[in-house]
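Summary of structural features
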Number of protein chains: 2
Amino acid sequence: MRVLIVEDERRLAEALGQIMAEQRYQTDVVYDGADGLDYALTGQYDVIVLDVMLPKLDGFEVASRLRHAHVSTPILMLTARDEMPDKIAGLDHGADDYMTKPFDIGELLARVRALTRRQGEVIGEQLVAGDLILELSTRCLRRGDKSVRLGFKEFDVLRQLMVHPRAVVPKEDIIARVWGLDSEAEDNNVEVYISFLRKKLTFLESNVSIGTVRKVGYYLEVPAS
Amino acid sequence: MRVLIVEDERRLAEALGQIMAEQRYQTDVVYDGADGLDYALTGQYDVIVLDVMLPKLDGFEVASRLRHAHVSTPILMLTARDEMPDKIAGLDHGADDYMTKPFDIGELLARVRALTRRQGEVIGEQLVAGDLILELSTRCLRRGDKSVRLGFKEFDVLRQLMVHPRAVVPKEDIIARVWGLDSEAEDNNVEVYISFLRKKLTFLESNVSIGTVRKVGYYLEVPAS
DNA sequence: CCTCCACAATCAAAACTCTCATAGGTAAGA
DNA sequence: TCTTACCTATGAGAGTTTTGATTGTGGAGG
């Protein structure tokens, strides 16, 4: 497993590198966004730990450019503690997960493991789960030869589910990530969009469906592969 | 957000509980280490505020045992004085953060926020007893390839039993933990849910069953392993 | 060994809650 | 103006919880 760590705080970066090395990861550590992008563009890594605040190029920019270059390596983004909007921005730029500093090293390792074993693969600019393909650039959802266009909200909601297929995503999380952390959107909004999405899944005759966990949230039901 | 407060100084404990309740936390307050451990073992909390000096079991012991039982709820430990050894000991025993008394309530709230913010999605946390697997995220109960959905109450009741397999859980405890400490639920409610659960255990053809101790409560009967 | 009683288990209906799906309304952009 | 995307309201329906009545059972005392 190869990991790229892009973090300008040297002490933190070195510590991370060492700890991950102890966990049998092969690590490369760089200290600015430009280097980070160069290294990452090689596509040789299994996961990238990417700070947001970086010299030369910030983390969002790095993530965006990577995705643009069809590099699909999973990205775990590190955001500064009080910058909540960063989380949303991070996901929008193509990050797969985020953590706020200060973080627990054990949790970081757990999330890295989660990213490397994840089933929803980002291939080029698309997310895949089961027989579904979500094209990130056009916001089109395809299955076989059929395809439908998704609205922004539909797209964002579905993406949340597709990033971790089978994992239950709480409604409140969906609201936080799609509508914003301090939004007043209600559960009903999510329900409405889930309903729209289900209709489209049915239309596409996909083998994946959206499951409900009462009083909690939703998950993607993907047939055993 | 659910918070467990374990603190033997009643006045402080109550005050904390009230303040956190005002901050929209759902709080449970207990006054000794043994209760603290029992409550915490349910894994239902998002953070635990844990005093070190406690009757029955001290805070270190509680933290150790929790980690041993693979309960990963973040722990904020309260140490009596500015005793350096305590801090180290606390972190060694599995605490995630510590504060020394007397502390500023605002700082405590800030630290609790920090701890809860790093909560990742819990993927695949489960309770096991005999051939039964209780999936915490989906509230599904599995045995072999069969699986059933549990309602909220069913789930909560069963979880109480599964935390300590073979241990007798008094009905009043079940009521306190599932319906709330000051609820008006009657014994019959518990009996009804036990009945529901037994039906589902039968359906699953599990080797685990629910035993009755007359006038006291219930326990999980798990075949000798 | 039998009887009785208190407690436990079960059942079914009522009360309640949450989810789903649809329709109507609003705002922004073509 | 027309279209598109989004939000809100609503009611039907499904699922959950409570309630009260009825039936079953273990064990103490006769």
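What counts, and at which threshold
- Residues numbered from 1 in each chain as written.
- Chains lettered and ligands numbered in written order.
- Predicted model: local features only at pLDDT ≥ 70, side-chain atom pairs only at ≥ 80, totals over all residues.
- Heavy atoms only, no water.
- Pairing = 2+ DSSP bridges.
- Helix = DSSP H or I, 4+ residues; strand = E, 2+ residues; numbered from the N terminus.
- Near = heavy atom within 4 Å.
- Polar contact = N/O pair within 3.5 Å; in protein donor to acceptor, adjacent residues only side chain to side chain.
- Core = buried A, V, L, I, M, F, W, Y, C linked by side-chain atoms within 4.5 Å.
- Buried < 20%, exposed > 50% of the residue type's maximum accessible area, 1.4 Å probe, protein only.
- Contact = heavy atoms within 4.5 Å.
- Patch = residues over 30% accessible without salt bridge, like charges linked within 9 Å, V, L, I, M, F, W, Y side chains within 5 Å.
- Areas by Shrake-Rupley, 256 points an atom, 1.4 Å probe, with all protein chains shown as cover.
- Salt bridge = Lys/Arg side-chain N within 4 Å of Asp/Glu carboxyl O.
- Lys, Arg positive; Asp, Glu negative; His and termini not counted.
- Charge placed at Lys NZ, Arg CZ, Asp CG, Glu CD.
- Axes fitted to C-alpha atoms, helices over the stretch in contact; angles between N-to-C directions.
- Parallel < 35°, antiparallel > 145°, perpendicular 65-115°, else oblique.

1. Remarks on the pairing of strand β8 (residues 140-143) of chain B
All names here are of chain B. When strand β7 (residues 132-135) meets β8, the two strands line up antiparallel, connected through 3 bridges. Residue pairing in the sheet places Glu-135 in a bridge with Cys-140 of β8. Counted between consecutive antiparallel strands, the loop separating β7 from β8 contains 4 residues, among which Arg-139 sits at a positive phi close to 55°. Summarising the sheet, β8 and strand β9 (residues 146-149) pair through 4 bridges and their orientation is antiparallel. When the sheet's bridge partners are listed, Arg-142 is paired in β9 with Ser-147. Where β8 folds back on β9, the antiparallel hairpin that results is connected by 2 residues, among which Gly-144 adopts a positive phi of roughly 60°.

2. Quick look at the protein's contact with DNA strand D
Inspection of the region around DNA strand D gives 18 residues, with Phe152(A), Lys153(A), Trp179(A), Tyr193(A) and Tyr193(B) positioned closest. Expressed as a percentage, the sugar and phosphate content of the atoms of DNA strand D within 4 Å of the protein is 66%. Interatomic distance of 3.1 Å between a backbone N/O atom of Lys153(B) and a phosphate oxygen of DNA strand D. Arg214(B) is positioned with one of its side-chain polar atoms (N or O) 3.3 Å from a base oxygen of DNA strand D.

3. Description of the nonpolar core
Ile48(B), Leu50(B), Leu66(B) and Leu141(B) are the most contacted members of the largest nonpolar core, which totals 49 residues. Per element, the largest residue contribution to this core is 6 residues, and it comes from helix α6 (residues 152-163) of chain B. Ignoring anything within four residues of it in the chain, the contact list for Leu141(B) reads Leu132(B), Ile133(B), Leu134(B), Lys146(B), Ser147(B), Val148(B), Leu150(B), Leu158(B), Leu201(B) and Leu204(B). Formed by 28 residues, the second largest nonpolar core is a distinct cluster that contains Leu127(A), Leu141(A), Phe155(A) and Leu204(A).

4. Here's the deal with a negative patch on the surface
A cluster of acidic residues, Glu172(A), Glu184(A), Glu186(A) and Asp187(A), forms a negative patch at the surface. Following the sequence through the fold, Glu186(A) ends up in the loop between α7 (171-179) and α8 (187-204).

5. Observations regarding the sheet that holds strand β11 (residues 209-213) of chain B
Residues and elements named next belong to chain B. Strand order in this open sheet of 3 strands is β10-β12-β11, and the pairing throughout is antiparallel. Two strands bound the open sheet, and with one partner strand each, they are β10 (169-170) and β11. Of the strands in this sheet, β10, β11 and β12 (217-221) touch α6, which is tilted by about 65° from β12.

6. Focus: the sheet that holds strand β2 (residues 26-30) of chain A
All names here are of chain A. One open sheet accounts for 5 strands, arranged β2-β1-β3-β4-β5; its pairing is parallel. Strand pairing shows two members of the sheet lacking a second neighbour, β2 and β5 (97-100), which therefore form its edges. Within the sheet, the average angular offset between the axes of one strand and its neighbour, ignoring direction, is 15°. Here 4 bridges tie strand β3 (residues 47-51) to strand β4 (residues 75-79), and the two strands are oriented parallel to one another. Considered in β4, the bridge of Asp-51 is made with Leu-78. On top of the sheet, helix α1 (residues 10-22) reaches β1 (2-6) and β2; it is set at about 175° to β2, its chief contact.

7. Structural notes on the packing of α6(B) against helix α8 (residues 187-204) of chain B
All names here are of chain B. Running from amino to carboxyl end, α6 crosses α8 at an angle of 80°, the nearest separation of the two axes being 10 Å. In terms of orientation, α6 and α8 fall into the roughly perpendicular class. Residues Lys-153, Glu-154, Val-157, Leu-158 and Leu-161 of α6 touch α8, and the partners they reach there are Tyr-193, Ile-194, Phe-196, Leu-197 and Lys-200.

Geometry only, nothing functional implied.
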